[in-house]
Every structure is written in structure tokens, then in C-alpha cells.
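Geometric and topological summary
One-letter residues, chain by chain:
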Amino acid sequence: MRAFTVERYGDKAGVRVGDVPDPEVGAEDVLVRIHAASVNPLDSMIRDGEMKAILPYKVPFVLGNDLAGVVVEVGAAVTRFAVGDEVFARPDKDRIGTFAELIAVHQDDVAIKPATLTMEEAASLPLVALTSWQVLVERAHIQPGQKVLIHAGSGGLGTIAIQLAKELGAHVATTTSTANVELVERLGADVVVDYKKQAFETVLHDYDVVLDSLGGETLKKSLDVLKPGGKVISVAGPPDAAFARELGANPIVRLVMSALSFRIRRSARRHNVTYSFLFMKAGGDQLRELTHLIEAGRIRPVVDTVFPFESTREALEYVEAGRAKAGKVVVKMP
């Protein structure tokens, strides 16, 4: 099959298209012919070796973390899917590789594609939709009336997180650029801070939860908008010891991750709030929950640009350069 593989870490030119063996299909796997895959900042981070401590992939490996396609083969123990099913998924972190014609995915990580969406729209969702669910539902336990700040509201994660937070009954604030103010308002944001004109930490106060996807100074300033007992949950900040335990990391790695997050955790304690890092997990059951909301029109995908499969490297560069105006960038198979 044709696939885009990482031949060496830390080199944009190290991502090449070529022929690789078809995936092996385990007893509980479904083999999916991929129709579309989306591009995430995570892809560039993996390619550049920034995630090697967490995700030590051995080169060469196929890149890509989201997919929509059609089941073409099922393992002997598969009970949930049949050949011909249209599905979408975020494969488990140990089994990535969606910039390819085929992928084998465990049946627990797959869901039937929402009937209301195209393949390109469906492919844009799994990673960001699962992240939104795991932050807002599982980790933050958002309740009606709570105040939530979602950074980068026009981004791939932000566009979905705003809609899910509103569905949960939250009062939602977001940050975005001038060009995307109207978009995030249409998605449901109650308060929009144009970061080109205002500093969010000076206008927002007494929030229950912050979803941080930017890290750095934005993460630090986010502590100032929380009320006592509030939570900042980051997908871009330093990993913490709790995450290391989830990974089953050895004591040395746990110590390193604890050290990396020491300053932000200490600062959070001084603000009487909590900091935690989240790296999303694959989950077919959660995708099925989200599908109900998608088919009911409560959550809709936002797709910026669709690239042809042969231009996957250009799609990665487009996302890295920040050229996407809003939502996700998708790669379409021929």
C-alpha cells in the first residue's frame, strides 16, 4: 500500500511517500480502507521527535492520527463491525498510521461514521472530539452554568470544544483573532476575546475550567482567570506525574515529568487551583456518544482545507505555518 512514512526524526524532508507492506489484521482488528485523514499539530511533534519520551516510535513508521473510511476485512473475533461499514476512528497511540491507504485498528477504537457527514468531515473529528470529551466530561465534569474558557476557539480543538461545552450547559468564553470572531460566536461562544485587541487575563474572571491548547505564557496567565478551586487542563503544557503513571512509565520518567510540570503546579497551588495534563486516548464508545450529538446537529465539524493524499507533506507544512484559518485540515485519498 501507499503511505507517508517518517524515515528519520527531526526532518521535514524525512517524511516520504512510498510503498509499505499492508497491515496485519489481528483477531479483534478491523482493516479499514482510508478515504480521508486529518492533520494535527501532534503529527509534526511526532515527526520532529518531540514526543519520543512518550511515544517512542521506531523509524520508519507511518504518520497520522485520524481517519474515516470503509471496513474491508474483519478479524476472527470482531463482533461490532462488518465488511462495508463506513467508520471513523483515532487509532490507539501505539498503532498510528492514517496517512496511508489501509490501517488495522482494534474494534474498541472504531465507531460507525455519522451518517450526516462526508468522509472528509468525519476524518476531521476523532482526535479533537475525543480530546474535548475527555477534558470537559471525564476530567472537568462540566455542569450546567459553570464558566469555561477555551483557548484558540477557531482551531481544530477549539471549534469542537466550544460546541460540546455549550451542549453541557456551560457559559463559554474563548480567545481568537479578529477574523474569526463571528465564527466562534456562531459555534456558541458567549464571550469572545479578540487576542489582537485584548489580554484575556484582564477581562475574564472567576472561571471554573480552562482548556489550554497553547501552553507557555497563555497557560501561566490562565491561572489568573480561575476562581478558587478551579481547574486548568492542558493538552499543550508540561506533562505531569499522573500522566506518567497512566503511561506505566518507569520511576525515572515519572520523576522527569514531575520536574517538568513543577513550576506550573506550584503556581497553580498558589492560586488555589489545580493543573493537569491530558493526552487523549482512543475510544470507540466515546465516539459513539459524540455521534449522537453530531447526527442531531448539536456538533458540526469545521474543515479549513482538503489536500490530496500526494500532498500530505504540504498539508503538514500548511498546519505548521499557521495558515489554516479555522478548523481542521484534511487529506483525501484518491
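Presented here is a report on the structure given in the accompanying data block. (Residues numbered from 1 in each chain as written. Predicted model: local features only at pLDDT ≥ 70, side-chain atom pairs only at ≥ 80, totals over all residues. Heavy atoms only, no water.)

Here we look at a positive patch on the surface
Using the following cut-off: Surface patches are drawn from residues lacking salt bridges whose relative accessible area is over 30%; two like charges belong together within 9 Å, two nonpolar side chains (Val, Leu, Ile, Met, Phe, Trp, Tyr) within 5 Å. Computed by Shrake-Rupley with a 1.4 Å probe, the accessible areas treat only the displayed protein chains as cover when residues are assessed. Take a side-chain nitrogen of Lys or Arg and a carboxyl oxygen of Asp or Glu: if they are within 4 Å of each other, that pair is a salt bridge. By the counting scheme adopted, Arg and Lys are positive, Glu and Asp are negative, and His together with the chain ends is not counted. By convention, the charge on Lys lies at NZ, on Arg at CZ, on Asp at CG and on Glu at CD. Helix and strand definitions follow DSSP, with helices as H or I runs of at least four residues and strands as E runs of at least two, each counted in order from the N terminus. Here the term buried applies to any residue with accessible area under 20% of the maximum for its type, exposed to any over 50%, and partly exposed to those in between, with areas from a 1.4 Å probe on protein chains only.
A cluster of basic residues, Arg263, Arg266, Arg269 and Arg270, forms a positive patch on the protein surface. With respect to the helices and strands, the residue Arg263 is situated in helix α10 (residues 262-270). Its relative accessible area of 68% is what places Arg263 among the exposed residues.

Looking at the pattern of salt bridges
For the structure on display, the rule yields 19 salt bridges. Two residues, Arg8 and Asp11, come together in a salt bridge whose shortest N-O distance is 2.4 Å. The partly exposed category is assigned to Arg8, whose relative accessible area is 37%. Among the salt bridges present, the one from Lys166 reaches Asp190, with a minimum N-O distance of 2.9 Å. In this pair, Lys166 sits in helix α4 (residues 156-167) while Asp190 sits in the loop between α5 (181-187) and β11 (191-194), placing the two residues 24 residues apart along the sequence. With a relative accessible area of 31%, Lys166 lands in the partly exposed category.

What to know about the sheet that holds strand β2 (residues 15-19)
Keep this limit in mind: Here, any two strands with at least 2 DSSP bridges between them count as paired.
The three strands are arranged β2-β1-β4 in an open sheet whose pairing can be described as antiparallel. Each edge of the open sheet is held by one strand with a lone partner, namely β2 and β4 (61-62). Sheet topology note: the strand β1 (residues 2-6)/β4 ladder contains two bridges and is antiparallel. Bridged to Val6 within β4 is Phe61.

Focus: the sheet that holds strand β12 (residues 207-212)
Using the following cut-off: Axes here mean lines fitted to C-alpha atoms, for a helix over just the part in contact, with angles spanning 0 to 180 degrees between N-to-C directions.
With respect to topology, six strands assemble into an open sheet ordered β11-β10-β9-β12-β13-β14, the strand pairing being parallel. Both outer strands of the open sheet, β11 and β14 (274-277), are each paired with one neighbouring strand and no more. Recorded for the sheet is a direction-independent mean angle of 15° between the axes of neighbouring strands.

Remarks on unusual backbone geometry
Along the chain, Val59 connects to Pro60 via a cis peptide bond; the corresponding omega equals -5°. Within the secondary structure layout, Pro60 lies in the loop between α1 (41-47) and β4. Even without glycine at this site, Asp206 takes up a positive phi of about 60°. The phi angle at Asn272 is positive, at roughly 60°, despite the residue not being glycine. Mapping Asn272 onto the fold places it in the loop between α10 and β14.

A few points about the side chain of Asp212
Stated formally: Whenever two N or O atoms come within 3.5 Å, that pair is a polar contact, provided that in protein one can donate a hydrogen and the other can accept it, and provided that, for residues adjacent in sequence, both atoms are side-chain atoms. We call two residues in contact when some of their heavy atoms are within 4.5 Å.
Take Asp212: it is sitting in strand β12. Of the buried charged residues, Asp212 lacks a salt bridge, with Arg139 as the closest side chain of opposite charge at 12 Å. Of note is the side chain of Asp212, whose polar atom sits 3.1 Å from the backbone nitrogen of Leu214. Excluding residues within four positions of it along the chain, Asp212 makes contact with His151, Thr218, Leu219, Val232, Ile233, Ser234, Val235, Ala236 and Gly237.

So, the environment of Leu204
As for its position among the elements, Leu204 is in the loop between α6 (200-203) and β12. Since its relative accessible area comes to 3%, Leu204 is described here as buried. Taking the C-alpha atoms as reference points, Leu204 and Leu67, 137 residues apart in sequence, are found 37 Å from one another. If sequence neighbours within four positions are ignored, Leu204 has contacts with Leu149, Ala173, Val191, Val193 and Val225.

Structural notes on the environment of Thr202
Looking at where Thr202 falls in the secondary structure, it is placed in helix α6. Separated by 22 residues in sequence, Thr202 and Asp224 have C-alpha atoms that sit 8.6 Å apart.

A few points about a nonpolar patch on the surface
A contiguous nonpolar surface patch, about 300 Å² in accessible area, is contributed by Ile252, Val256 and Leu260. Looking at where Val256 falls in the secondary structure, it is placed in helix α9 (residues 251-260). Given a relative accessible area of 44%, Val256 falls into the partly exposed group.

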